[in-house]
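Fold and contact review
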Amino acid sequence: GTGNYTPLPRSPGVHTSNTQHAMPERSSSVSSSSSVNSNGGVNSSEASMKTRDFSAMVKAFHQSYDKIVELSLESYYEEELPGLHSFLDRDKKMMQYTIKGGQCFRGVLVFAATLELIERRGEGAPSAERIQQIMSVGWALEILQAAFLVADDIMDESHTRRGKACWHKVDRVHAYNDVFKLEHFAFYILKHHLGKEDFASIQDIFRGVILKTAFGQGLDLEYSSLVKQLALEWPGEEAVRTRLSMLAYDNIVAHKTSFYTFHLPLAAALCLARGGDEGDNRNTDDEREGEGDISRINVKRGVKGKRSDDFMGDAKDGENMEQRSASDEERYPSSSSSSFSSRGRVGGGASSSEELAKKIGLELGQYFQVQDDFLDVYGDPKKTGKIGTDIEQRKLTWLMAKAVEKTTDEKDLRALFQPSKRYVENVKGIFARLSLRECYLEYEASVCAKIKNWVRQGSSQLPTETILLILNKVYSSRVKKESTNISATTTASTSSSTTGISVVAS
């Protein structure tokens, strides 16, 4: 919900030492006097953001749900389904159940990144109308996320999501159709709030990413079946290493997670920051009374920290990088396959800043998923909020792909996939012998250094402060959630190379 969102940390003092974490301070919160006006807008005098305070944007975004999502749903019923208010109430409850409850960081990322780019270009504060348009894109993404999650839970036969029953467990009869309803309502939100030019560009970005995500979900299902089949039939060591490679994992993660989680918000922000259709981003004399003046939110929220340009070099473990993962050129193809479709370049390829934003978004998405895989095994259930099941479900995670890559013993390779009485414990034992926790820390250092370097390259065209805040949030999550019992046993061997990491640096 909106009340317990933890603002992204700003301090550079994040370390991997497991005995003394210098945890970043939280951003100062919005004044307790902040409130929402009758129409869902945020009163500017009460929600003005302190410098470098990200939490006000988070709060403003969450508070805009009723005005953007619910009023749009009511408008649809008035236009297309007049008189069927009992069904309207049902759909409101469905959307509240499936959309709300998380942090909505994808939608907030659209909002924060767009405001930073607008400020960077010296265009002045956007109008209240333009703010609402930007937020509508964020909510469209959150609605799309809800559709993905409902579908994923049905396919995985999951029972809980965000600490409550999955939607198909609540309403199995309608859940399948609700997936389609949510996906297409996201486009209604876009069309209902955006001008023609914005809608054409943003719609194209959304559709391209939806297609990639659908294929990514298909890959995930195919590989899950393949891994389970290994318990019944062993095709040979070479076949297993070829099929369950890090390249296969990279492709699944990029398409299923990275494109819509980080690439889409950054692509949308770059498009929106260029300005709306003529007249769409200006205040008018007949603005509705009480609309709210959230346009005056101060969007200056820079990230200060010591420079640490060389603390995280590329991981050097002597392995064949072609076998380990795809090259940047393979993972981040150029404009011919980019899903960017910005104003003035629809179908005409992406700019250099858009290409760089794509690379950053996909790398962030991969890091986000790799960390999730890591915490499923090495996280503290009390801190992660879930008990890890990836090994038991025989998923092709980063740890499993890395184990396939590193093990030289075919007996251990077989043990990764074939059932036994102590299967989970045996697999964890293989992970420990292969030092996969240390491999993860090396990966983490390398990927953070790579993203920071890309951010510096595009510092004048990209929402760099927002990207670094997100990077720091992801990094801090591992530090906070990793099991101290597990990490303490290996701290000594890794502290010399990783202690003192400062992710948020210029």
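Scroll up a little and you will see the structure.
Here is a short report on the structure shown in this document. (Residues numbered from 1 in each chain as written. Predicted model: local features only at pLDDT ≥ 70, side-chain atom pairs only at ≥ 80, totals over all residues. Heavy atoms only, no water.)

What to know about helix α4 (residues 85-99)
Applied cut-off: Note on conventions: DSSP H or I runs of at least 4 residues are helices, E runs of at least 2 residues are strands, and numbering of each starts at the N terminus. To estimate how far a helix should reach, multiply one less than its number of residues by 1.5 Å. Using a 1.4 Å probe on the protein chains alone, a residue whose accessible area is under 20% of its type maximum counts as buried, one over 50% counts as exposed, and one in between counts as partly exposed. Directions from the helix axis toward the C-beta atoms define the arc. The contact criterion used is simple: two residues touch if any of their non-hydrogen atoms lie within 4.5 Å.
In a regular helix each residue adds 1.5 Å, so 15 residues correspond to 21 Å; α4 covers 20 Å between its end C-alpha atoms and thus fits that length. Taken as a whole, α4 has its buried residues at Leu88, Asp91, Lys92, Met94, Met95, Thr98 and Ile99. All buried residues of α4 project into a common sector of 165 degrees when viewed along the axis, lining one side. Within α4, the exposed residues directed more than 90 degrees away from the buried face are Ser86 and Lys93. Residues of α4 that are buried make contact with α3 (65-80), α6 (128-156), α7 (167-170) and α8 (172-193).

Quick notes on the packing of aromatic side chains
Where we set the bar: Aromatic contacts are taken between Phe, Tyr and Trp rings whose centres are within 6.5 Å, Trp giving its six-membered ring; a plane angle under 30 degrees counts as stacked, one over 60 as edge-to-face, and the others as tilted.
Tallied over the full model, the rule gives 16 aromatic pairs. Ring geometry for Phe105 against Phe368: centres 5.7 Å apart, planes inclined by 50 degrees, an arrangement best described as tilted. Within this pair, whereas Phe105 is found in helix α5 (residues 105-120), its partner Phe368 is found in helix α14 (residues 352-378), the two being separated by 263 residues in sequence. Residue classification places Phe105 among the buried residues on the basis of a relative accessible area of 17%. We classify Phe368 as partly exposed; its relative accessible area is 27%. When the centroid spacing of 6.4 Å and the interplanar angle of 65 degrees are considered together, the rings of Tyr367 and Tyr443 count as edge-to-face. With a gap of 76 residues between them, Tyr367 in helix α14 and Tyr443 in helix α19 (residues 436-457) connect regions that are remote in the sequence.

With respect to the pattern of salt bridges
Test applied: Salt bridge, as used here: a side-chain nitrogen of Lys or Arg that lies within 4 Å of a carboxyl oxygen of Asp or Glu.
Counted by the stated rule, this structure contains 21 salt bridges. One salt bridge connects Glu116 with Arg120, and the closest N-O pair in it is separated by 2.9 Å. Within this pair, Glu116 and its partner Arg120 are both found in helix α5, separated by four residues, close to a single helical turn. Across the pair Glu444 and Arg478 runs a salt bridge whose closest N-O atoms are separated by 2.7 Å. Residue Glu444 is found in helix α19, and its partner Arg478 is found in helix α20 (residues 464-481); the two are separated by 34 residues along the sequence. A single burial state applies to Glu444 and to Arg478, both of which are buried. Residues joined in a network through salt bridges with shared partners are Arg90, Asp91, Asp171, Asp178 and Lys181.

With respect to helix α18 (residues 423-433)
Buried within α18 are the following residues: Tyr423, Val427, Ile430 and Phe431. Down the axis of α18, the sector holding all buried residues measures 100 degrees, keeping them to one side. Residues Ala432 and Arg433 are exposed on α18 and point more than 90 degrees away from its buried face. Where α18 is buried, its residues meet α14, α16 (398-406), α17 (410-415) and α19. Downstream of α18 by one or two residues, Ser435 has phi in the positive range, about 55 degrees.

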